[in-house]
Amino acid sequence: MKRRTWRAALRRDWQLYSLVVLPLLFFVVFRYLPMAGNVIAFRRYRPGGDLFGETWVGLRYFRMFWQDPTFWHVFTNTLVLGALTLLLVFPLPIVLALLLNEVRTRWLKRLVQTISYLPHFLSIVVVAGIVMQLLALDGAVNAGLRAVGADAVPFLQQPGWFRAIYISSEMWQTVGWGTILYLAALTTIDDELYEAARIDGASRWRQTWHVTLPGIRPTMVTLLILNIGTFLSVGFEKVLLLYNPLTFPTADVISTYLYRVGVVSGSFSYAAAIGLFESVIGLTLVLTANFVSKRTVGASLW
Amino acid sequence: MKRAVLGLILTGVVVLTLYPFLNVVARSFSEEQAIQAGKVNLLPRGFNTTTYEVVMSDPVFWTNYRNTVVYTVVATAISIVLTTCFAYVLSKRHLKGRAPLVGIAVFTMFFNGGLIPNYVLVSGLGLRNTIWAVVLPNAISVFNLLVMKAFFEGLPTELEEAAAVDGLGTYGILWRIVLPLSKAVIATMVLFYAVFFWNSWFPAFLYLDDADLFPVTIYLRNLIAGSTGGSDISTPSDTALQIAANIQAVTIVLTALPIMLGYPFIQRYFVSGITLGAVKG
């Protein structure tokens with residue numbers, strides 16, 4: 001029975017199915033083959049040899065990184081950077097969206113939006129370049145320091161500054177663009193709710209707290225879940241561009257470490273084991289966050 | 001009072017967003033001595049275009065710039081074809097096997113093979129040092145796919161049904177009925193992909209060894225990579241470093257230029273695309 005319906009579907013919609021062939025090939029080759037390629041985390045892999053490795057070695061590479069102090073060091077760095085991003089970068093677009101929502105002059109609102117979206121469209125390489133220009137010894141920030149009589153600081157060479165630099169550049173790049181979904185959600189809030197709140201004598205603050213914030217909560221929760229899922233892969237490209245051996249103590253994260261171990265030093269299986277660990281944790285975090293939010297606030301990704 | 005505070009904060013946002021750009025642009029037009037002395041702020045000091053001439057007279061810069069254009073055009077074309085075909089099929093609710101196909105695509109948003117298996121695969125396929133290493137691994141963005149699918153789902157079905165009654169096949173319907181109705185969403189997708197590929201640097205960094213193949217983002221990355229090196233920062237008066245700072249600023253400006261020029265026009269397409277994807281996706 002089932003086979004016949006498939007046959008009927010194929011006969012009727014073969015043209016539609018034919019359109020799927022190439023896109024599906026893309027997903028199989030460039031998305032699912034690499035997933036399967038993770039078996040090299042359990043097998044010895046010889047560069048240039050079999051794509052899926054040579055011999056089984058079980059959990060050898062997992063035990064290796066479990067006992068690798070550098071791994072735990074970069075793991076901690078990743079957690080700190082991820083937590084700072086969630087704590088400091090994530091809420092910022094909400095605040096800016098609420099502020100923009102208070103602007104009554106149309107063109108002014110548009111102007112601020114247009115300007116604040118701009119950094120989002122730049123290549124991460126350009127962003128890194130701008131950061132380096134600003135923080136160079138002859139850069140604008142050090143010029144400011146000298147103007148108030150302080151000594152110039154080689155910011156990008158000091159581990160103590162890396163997190164601040166990372167977080168603030170992240171804010172600069174994402175805060176404006178991040179407001180889009182919140183602003184869209186804000187327009188869907190029913191004006192009658194504000195009306196009712198005003199009649200009940202609610203102040204502007206109380207209206208924000210009791211009407212606006214609940215109105216954008218589904219958006220907040222969805223974005224939070226997605227952010228939690230990328231917790232461990234924080235800012236790989238940006239860190240790779242901005243760090244250097246001097247700032248490794250605070251800047252080196254799991255993804256940059258496995259890049260160096262795998263691609264630069266050629267320990268592919270070892271790096272794949274770390275990468276698999278990272279991906280599985282990421283997936284677990286999304287699923288857990290999604291489950292928790294479904295149970296508590298009723299918002300869910302699917 | 002409240003208005004004033006609000007105005008102050010938003011002015012702050014605008015100034016903080018624009019200042020880094022303006023500073024880099026000012027540096028790109030300034031003479032070395034002024035930059036060295038840390039005098040360049042919002043306006044160029046010792047205005048000159050010599051640095052632009054220096055960068056633009058480097059043949060490697062132009063080769064790399066041309067590569068970026070070629071990669072962007074080829075990659076965007078492939079992406080648009082694949083994304084449109086897949087999104088159109090996924091928008092057909094009656095299609096058997098539609099749900100698993102959506103699942104196959106969406107799952108990759110939350111779980112991916114990771115850097116190393118990708119690297120091993122692309123190398124194993126012999127794509128290193130070819131344009132395909134830059135173009136193919138990111139050919140379909142699932143987010144863009146969902147945006148397009150949502151758009152196609154919103155099209156009225158009557159037109160397609162009428163065309164089918166007139167004897168038009170799926171290909172004919174897609175080509176002659178659906179695509180002409182979808183110009184706006186296709187334009188949006190072209191922009192999404194083009195900006196993505198223009199800005200992309202990491203696949204090129206991973207898979208290309210030959211400087212003649214680099215996109216301009218790698219040209220820029222190699223210029224700025226030297227300046228985080230650590231060892232060469234102890235002497236603020238080092239002339240070579242200052243010239244590099246000059247040239248860095250110019251290269252930053254030239255790399256970002258097409259995006260900045262197009263930005264006022266493309267921005268609203270992005271906003272509508274994002275909102276469509278989020279609401280329906």
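On a predicted model such as this, the values are computed, not experimentally measured, just so you know.

Peer 1: Is there a simple way to think about the environment of Ile173 of chain B in this case?
Peer 2: The topology assignment puts Ile173 of chain B in helix α10 (residues 170–181). Each residue touching Ile173 of chain B, except ones within four places of it in the same chain, is listed here: Tyr88, Glu160, Ala163, Ala164, Leu168 and Val178 of chain B.

Peer 1: Teacher, can you tell me more about the side chain of Asn38 of chain A here?
Peer 2: Within the element layout of this structure, Asn38 of chain A appears in the loop between α1 (2–37) and β1 (43–44). We classify Asn38 of chain A as buried; its relative accessible area is 4%. Beyond its immediate chain neighbours, meaning those up to four positions away, Asn38 of chain A contacts Ala272 and Leu276 of chain A together with Gly113 and Pro117 of chain B.

Peer 1: Before we go on, may I ask you to explain the interface of chain A and chain B in this structure?
Peer 2: The accessible area lost on association of the parts is a frequent measure of interface size. Each side of the interface is counted separately: chain A has 91 residues, and chain B has 92 residues. Carbon and sulfur atoms supply 77% of the area that chain A and chain B bury against each other, a total of about 8,200 Å² over both sides. On the chain A side of the contact with chain B, Phe121, Gln133 and Asp138 of chain A bury the most area, a combined 9% of that side's loss. The interface formed by chain A and chain B contains one salt bridge. Between Asp138 of chain A and Arg27 of chain B there is a salt bridge whose closest N-O contact spans 2.9 Å. Where chain A meets chain B, there are 20 residue pairs in polar contact (both at pLDDT 80 or more).

Peer 1: Teacher, can you tell me more about the packing of helix α4 (residues 59–90) of chain B against helix α8 (residues 142–154) of chain B here?
Peer 2: Relative orientation and spacing of two packed helices are given, respectively, by the angle between their axes and the distance between those axes. Residues and elements named next belong to chain B. Orientation of α4 relative to α8, taken along the N-to-C sense of each, is 50°, at an axis distance of 8 Å. Regarding the angle of α4 to α8, the classification is oblique. Crossing hand, α4 versus α8: right-handed. Mapping the contact onto sequence places Thr83, Thr84, Phe86, Ala87, Tyr88 and Leu90 in α4 and Asn144, Leu145, Met148, Lys149, Phe152 and Glu153 in α8. In the contact of α4 with α8, the residues fall into seven nonpolar, three polar and two charged.

Peer 1: Looking at this model, I keep getting lost on the domain arrangement of chain A. Mind explaining?
Peer 2: Looking at the assigned domains, one finds that chain A contains domain 1 (2–33) and domain 2 (65–296). When each unit is reduced to the centre of its C-alpha atoms, the spacing between domain 1 of chain A and domain 2 of chain A is 39 Å.

Peer 1: Which parts of the structure should I look at to understand the UniProt feature "domain: ABC transmembrane type-1" (unreviewed entry) in chain A?
Peer 2: UniProt records the feature "domain: ABC transmembrane type-1" (unreviewed entry) for residues 75–289 of chain A in the present numbering. Measuring from the first to the last C-alpha atom of residues 75–289 of chain A gives 20 Å, for a span that is 77% helix and 0% strand.

Peer 1: So what exactly am I meant to see when it comes to empty space enclosed by the protein here?
Peer 2: Any empty space left between the atoms is revealed when a probe the size of a water molecule rolls over them. Tallying each qualifying case throughout the model produces three cavities of 30 Å³ or more. The space that makes up the largest cavity amounts to roughly 60 Å³. Taken together, Leu33, Gly37, Leu51 and Phe52 of chain A together with Pro117, Val120 and Leu121 of chain B make up the lining of the largest cavity. At the level of secondary structure, the elements contributing two or more residues to the lining of the largest cavity comprise α1 of chain A together with α6 (115–124) of chain B. Residue contributions to the lining of the largest cavity peak at three residues, all from α6 of chain B. Taken together, the residues that form the lining of the largest cavity break down as six nonpolar, one polar and no charged. For the second largest cavity, the calculated volume is near 40 Å³. For the second largest cavity, the full set of lining residues is Thr68, Tyr71, Thr72, Val134, Phe197, Trp198, Ser200, Trp201, Ala204 and Pro215 of chain B. Elements that contribute at least two residues to the lining of the second largest cavity include exactly α4 and α11 (183–199) of chain B.

Peer 1: Explain the confidence of the model for chain B to me, please; I cannot follow it from the model alone.
Peer 2: Caution applies to low-pLDDT regions: their predicted coordinates should not be interpreted in detail. Across chain B, the average pLDDT comes to 88, with 91% of residues at or above 70. The low-confidence segment residues 228–240 of chain B (pLDDT under 50) makes 19 contacts with residues lying over four places distant or belonging to another chain.

Peer 1: Sorry, what's going on with the packing of helix α6 (residues 124–135) of chain A against helix α8 (residues 159–187) of chain A here?
Peer 2: Residue and element names in this part refer to chain A. Between α6 and α8, the shortest axis-to-axis distance is 11 Å and the interhelical angle comes to 125°. The orientation of α6 relative to α8 falls into the category oblique. The hand of the α6/α8 crossing is right-handed. Here α6 contributes Ile124, Val127, Ile130, Val131 and Leu135 to the contact with α8, which in turn contributes Ile165, Ser169, Trp172 and Gln173. Partitioned by chemical class, the residues of the contact of α6 with α8 number seven nonpolar, two polar and no charged.

Peer 1: In this structure, what is going on with a nonpolar patch on the surface? I would like to understand it.
Peer 2: Residue and element names in this part refer to chain A. Taken together, the side chains of Trp107, Leu108 and Leu111 present a nonpolar region at the surface, about 320 Å² in accessible area. Topologically, Leu108 is positioned in helix α5 (residues 106–117). Take Leu108: its relative accessible area is 33%, and that puts it in the partly exposed class.

Peer 1: Which parts of the structure should I look at to understand the pattern of salt bridges?
Peer 2: Pairing between side chains becomes possible if they bear opposite charge and their charged atoms approach one another. All names here are of chain B. Following the criterion strictly, the structure yields 12 salt bridges over all chains and no others. The partner of Arg98 in a salt bridge is Glu153, with the nearest N and O atoms 2.8 Å apart. Separated by 55 residues along the polypeptide, Arg98 in helix α5 (residues 98–110) and Glu153 in helix α8 bring together distant segments of the chain. Residue class for Arg98 comes out buried when judged on its relative accessible area of 17%. In this structure, Asp209 engages Arg128 in a salt bridge whose closest nitrogen and oxygen atoms are separated by 3.0 Å. In this pair, Asp209 sits in the loop between α12 (202–207) and α13 (216–225) while Arg128 sits in the loop between α6 and α7 (131–135), placing the two residues 81 residues apart along the sequence. Beyond isolated ion pairs, a larger network of salt bridges with shared partners links Arg93, Arg98, Lys149 and Glu153.

Cut-offs and rules
- Residues numbered from 1 in each chain as written.
- Chains lettered and ligands numbered in written order.
- Predicted model: local features only at pLDDT ≥ 70, side-chain atom pairs only at ≥ 80, totals over all residues.
- Heavy atoms only, no water.
- Helix = DSSP H or I, 4+ residues; strand = E, 2+ residues; numbered from the N terminus.
- Contact = heavy atoms within 4.5 Å.
- Buried < 20%, exposed > 50% of the residue type's maximum accessible area, 1.4 Å probe, protein only.
- Buried area = accessible area lost by both parts, 1.4 Å probe.
- Salt bridge = Lys/Arg side-chain N within 4 Å of Asp/Glu carboxyl O.
- Polar contact = N/O pair within 3.5 Å; in protein donor to acceptor, adjacent residues only side chain to side chain.
- Axes fitted to C-alpha atoms, helices over the stretch in contact; angles between N-to-C directions.
- Parallel < 35°, antiparallel > 145°, perpendicular 65-115°, else oblique.
- Left-handed = near helix turned anticlockwise from the far one by under 90°.
- Nonpolar A, V, L, I, M, F, W, Y, C, P; charged D, E, K, R; others polar.
- Domains from an automatic or database assignment.
- UniProt positions renumbered as here; feature names shortened; annotations may be inferred.
- 1 Å grid on protein atoms, 1.4 Å probe; cavity = no way out; pocket = protein on both sides within 12 Å on 5 of 7 lines; lining within 4 Å.
- Points joined across faces, edges and corners; volume = space filled by probe spheres on them.
- pLDDT = per-residue confidence, 0-100.
- Patch = residues over 30% accessible without salt bridge, like charges linked within 9 Å, V, L, I, M, F, W, Y side chains within 5 Å.
- Areas by Shrake-Rupley, 256 points an atom, 1.4 Å probe, with all protein chains shown as cover.

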